Amino acid sequence: NALRSYRAAGVAGTRAGPRELDDLLLDRRMSATRRHLRKIYADPLTGRQAWGVLRQPDGSITGVYSTAPGIPIKRAGFDAHRASFDNAERYAQWVFGAPP
């Protein structure tokens, strides 16, 4: 995932995440520019490129979620990687990202 790739590409000894989603498009922290995403994709539920953003106390991004209203249609039966999605009462509880 792009957040995990960004942190892994950081300066040795640091695992800081990006400050903005645009940082995933063009990472200039080292001499060779790196791209972790081709573009900021639209939220499939809203059709907009605006995402909810989950941040660490230092301001770095650790995940994104949909800002769409409503209760998810699928409520159970997710694979182990997405087990936290079970019984979500709103789409914002479906956080996509990398663990800190």
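## Some points on the layout of surface pockets
- Put simply, the largest pocket is a space of about 300 Å³.
- What lines the largest pocket is a set of 14 residues, and nearest its centre among them are Ala2, Leu24, Leu37, Val64 and Phe96.
- Residue assignment for the lining of the largest pocket shows that the elements contributing at least two residues are helix H1 (2-8) and strand S3 (96-97).

## Points about the pattern of salt bridges
- Counted under the stated rule, the structure contains two salt bridges.
- As a salt-bridge pair, Arg55 and Glu20 come within 3.8 Å of each other at their nearest N and O atoms. Placement of Arg55 in strand S1 (residues 52-55) and of Glu20 in the loop between H1 and S1 is noted, with a sequence separation of 35 residues between them.
- With a closest N to O distance of 2.7 Å, Asp27 and Arg29 form a salt bridge.
- Exposure remark for Asp27: the relative accessible area of 3% places this residue in the buried category.
- Residue Arg29 is classed as partly exposed on the basis of its relative accessible area, which comes to 29%.

Thresholds, definitions, all that
- Residues numbered from 1 in each chain as written.
- Predicted model: local features only at pLDDT ≥ 70, side-chain atom pairs only at ≥ 80, totals over all residues.
- Heavy atoms only, no water.
- 1 Å grid on protein atoms, 1.4 Å probe; cavity = no way out; pocket = protein on both sides within 12 Å on 5 of 7 lines; lining within 4 Å.
- Points joined across faces, edges and corners; volume = space filled by probe spheres on them.
- Helix = DSSP H or I, 4+ residues; strand = E, 2+ residues; numbered from the N terminus.
- Salt bridge = Lys/Arg side-chain N within 4 Å of Asp/Glu carboxyl O.
- Buried < 20%, exposed > 50% of the residue type's maximum accessible area, 1.4 Å probe, protein only.

What is shown is where atoms sit, not what they do.
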